[in-house]
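# Residue-level structure breakdown
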Amino acid sequence: MTKLVEIPVKVEIYDSLSDWNVETGEGEHITARRLKGRFRNIKNMTMSVWLIYFLGPYLRWNGEQAILLDIPKQQFHLFSITLFPQDIWVLSLALLFLAIMLAAATGVAGRVFCGYFCFQTVWTDAFSYIEGKLEGNTPQKAHKFKAAPWSSNKLVRKLSKHSLWLLISVLTGISFAAWFVDAFKLWQQIITLTAAKPVWIAVGTFTFFTYWFAGFMREQVCFWLCPYARLQGVMYDQDTVLPAYDAERGEPRTKYSKQSSSDDGSCIDCNLCVAVCPTGIDIRKGQQEGCITCGLCIDACDSIMDKIKQPKGLIRYSSYKELHKGEAALSLVKRPRVIVYSLILLLSVAGIIYGFTHFSPTEFKVVHERQPLFVKMSDGSIQNKYTLKLLNKTKQTLLIKYEISGLTNATVSGIDRIFEIEPGKIIPITALVRQVPSGNDKSALEYFNFIASAVNNDAIKAEYNTVFISQ
Ligand code: SF4
Ligand code: SF4
């Protein structure tokens, strides 16, 4: 018999988890062991993207909040651009882009969004880190802490944990509200208790749900509440790479101390892959709905393989084809769903770029009076009535001059002065256009333009083509 590992090393059998039951959802939340490793580092880096959520509202641009969703004024300020409800299609394209990105990422590499970016897993990770520091960072230590009788030390640790959780939850709530109102003013209003009721409701709701979901519900949100977890199955195919256990290499699993033959599998049944899993599943049982593809079990198993001098990769990102059929995964450019997703992504990016590069500083509309369509005046002339609406999308007050062009023998009244339009405002103007019939045979409809130009900004000029009705 050949001894598989010659260097004597001690490998613990890792206690799995709490008594939480993945299948039934009963029991306490999971206390996952934390280990260093490649995927832990990637997760830490991607988690740090969420700092934008906390810091973004304090970013200033030309003295104002750089990104502000001003719901009462129905304006979305994005650096020097202001989007109005009329520009909502650009935001819709941006949302489409994000949704397709999510579907494409899932098709290629499973629930990477869940594992690396999702606010639920990110906040849970931060909360469990605090809990681990104060109450024990392994299931054994956590159980011991829980079972210990109450003492001042235990009380201080419990209070510290809940205070830190609450602090993060309150900051999460305030940061959410800060995207909708001026962030610095918001702090003033909160400190002086003068914030508006909707602000308190938003902050309170976010604080409560963050505290509850990240502190207590944790992975159960992924299992029982998240709709995305239910949809993921339809986004996978046999080429999707997911963290997977190489059963052919790992089985029959044999405790390290009992390994004696080359027939023994590489898995030494140490359970570390289960102990680190934030959703408490055993990847060796195959792909499961609860796997958020975070790769932490890969780090765990690789560290064991290092210890017992075996090649890494017993658990690795791998496709069904590679693992079960021995075939290489199809390259991305040959996968129909990746091609379709990429095309939609490209189209939405093109639309977003077009939108952002073609924003008009004004939105000019002319509405022709319907009842009556025209009026025959006592002097024989024909009069049409119009309502002119110009939305000022700039951040300066515009002085607007209106005129018409392209209509012969016409006079216009109601627009013979300069109109002052403040930023974000529309001032409806009534214009009466009169035309004296020329006597020649002419069409009942004549097209002409209303022109709006800012006398205090040469770059602003808008035209609207409309119709003059005379019969
Ligand atoms: S099985 Fe592995 S990849 Fe899946 S959630 Fe658990 S640790 Fe993460
Ligand atoms: S798969 Fe790796 S980490 Fe998991 S029990 Fe086997 S050897 Fe241990």
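### A short note on the overall build of the chain
In terms of regular secondary structure, the chain is built from 16 helices and 16 strands. Scaling as 2.2 N^0.38, a compact globule of 471 residues should have a C-alpha radius of gyration of about 23 Å, whereas the chain reaches 33 Å, well beyond that. The buried share of the chain, reckoned over its 471 residues, is 43%. In the chain, of all internal contacts separated by at least 6 residues, the share reaching a separation of at least 24 is 69%. Of the side-chain charges in the chain, 51 are positive and 41 negative, and the distance between the mean point of each set is 4 Å.

### A look at the sheet that holds strand β5 (residues 81-83)
If you trace the three strands from one edge of the open sheet to the other, you get β3-β4-β5, paired in antiparallel fashion. Each edge of the sheet is formed by a strand with only one pairing partner; in this case those strands are β3 (67-70) and β5. Recorded for the sheet is a direction-independent mean angle of 10° between the axes of neighbouring strands. As judged from the four bridges shared by β3 and strand β4 (residues 75-78), these two strands associate in the antiparallel manner. Paired with Ile 67 across the bridge in β4 is Leu 78.

### Overview of the environment of Arg 335
With respect to the helices and strands, Arg 335 occurs in the loop between α15 (320-325) and α16 (336-357). Between the alpha carbons of Arg 335 and Asp 237 there is a distance of 9.8 Å; along the sequence they are 98 residues apart. Residues within four places of Arg 335 in sequence aside, it is in contact with Gly 107, Val 108, Asp 237, Asp 239, Thr 240 and Leu 330. A polar contact is formed between the side chain of Arg 335 and the backbone oxygen of Asp 239, at a distance of 3.5 Å.

### Some words on the packing of aromatic side chains
For any pair of aromatic rings, the description consists of the separation of the ring centres together with the inter-plane angle of the planes. Under the definition given, this model contains 29 aromatic pairs. Relative to Phe 216, the ring of Tyr 211 has its centre 5.5 Å away and its plane inclined at 80°; by these criteria the two rings are edge-to-face. The partly exposed category is assigned to Phe 216, whose relative accessible area is 35%. Arranged with centres 5.7 Å apart and planes meeting at 80°, the rings of Tyr 386 and Phe 448 form a pair that is edge-to-face. In this pair, Tyr 386 is assigned in strand β10 (residues 382-392) and Phe 448 in strand β15 (residues 445-454), connecting sequence segments 62 residues apart.

### With respect to the pattern of salt bridges
Considering all chains together, one arrives at 22 salt bridges under this definition. Between Glu 135 and Lys 158 there is a salt bridge whose closest N-O contact spans 3.5 Å. Residue Glu 135 is found in helix α5 (residues 119-135), and its partner Lys 158 is found in helix α7 (residues 152-178); the two are separated by 23 residues along the sequence. The residue Arg 253 makes a salt bridge to Glu 251 at a minimum N-O spacing of 3.0 Å. Taken together, the shared-partner salt bridges in this structure form one network comprising Glu 131, Glu 135, Lys 158, Lys 161 and Arg 218.

### Comments concerning the site of ligand 2
Taken together, Tyr 245, Cys 267, Ile 268, Asp 269, Cys 270, Asn 271, Cys 273, Arg 284, Cys 301, Met 305, Leu 314 and Ile 315 make up the full set of residues adjacent to ligand 2. Residue composition of the shell around ligand 2, grouped by class: nine nonpolar, one polar and two charged.

### Structural notes on unusual backbone geometry
For the bond from Glu 251 to Pro 252, the omega torsion is -5°, close enough to zero to count as cis. Summarising the element assignment, Pro 252 is placed in the loop between α12 (247-250) and α13 (272-275). Omega for the bond connecting Gln 371 with Pro 372 falls within 30 degrees of zero, at 5°, which places this linkage in the cis form. If you check the backbone angles, Gln 74 has positive phi at about 55° while not being a glycine.

### What about the pairing of strand β16 (residues 461-469)?
One ladder, built from nine bridges, connects β15 with β16; its direction is antiparallel. Looking at the pairing, Phe 450 lines up with Tyr 464 of β16. A loop of six residues connects β15 with β16, the two strands running antiparallel in sequence.

Definitions and cut-offs
- Residues numbered from 1 in each chain as written.
- Chains lettered and ligands numbered in written order.
- Predicted model: local features only at pLDDT ≥ 70, side-chain atom pairs only at ≥ 80, totals over all residues.
- Heavy atoms only, no water.
- Helix = DSSP H or I, 4+ residues; strand = E, 2+ residues; numbered from the N terminus.
- Rg over C-alpha atoms; globule rule 2.2 N^0.38 Å.
- Buried < 20%, exposed > 50% of the residue type's maximum accessible area, 1.4 Å probe, protein only.
- Contact = heavy atoms within 4.5 Å.
- Lys, Arg positive; Asp, Glu negative; His and termini not counted.
- Charge placed at Lys NZ, Arg CZ, Asp CG, Glu CD.
- Pairing = 2+ DSSP bridges.
- Axes fitted to C-alpha atoms, helices over the stretch in contact; angles between N-to-C directions.
- Polar contact = N/O pair within 3.5 Å; in protein donor to acceptor, adjacent residues only side chain to side chain.
- Phe/Tyr/Trp six-rings, centres within 6.5 Å; stacked < 30°, edge-to-face > 60°.
- Salt bridge = Lys/Arg side-chain N within 4 Å of Asp/Glu carboxyl O.
- Near = heavy atom within 4 Å.
- Nonpolar A, V, L, I, M, F, W, Y, C, P; charged D, E, K, R; others polar.

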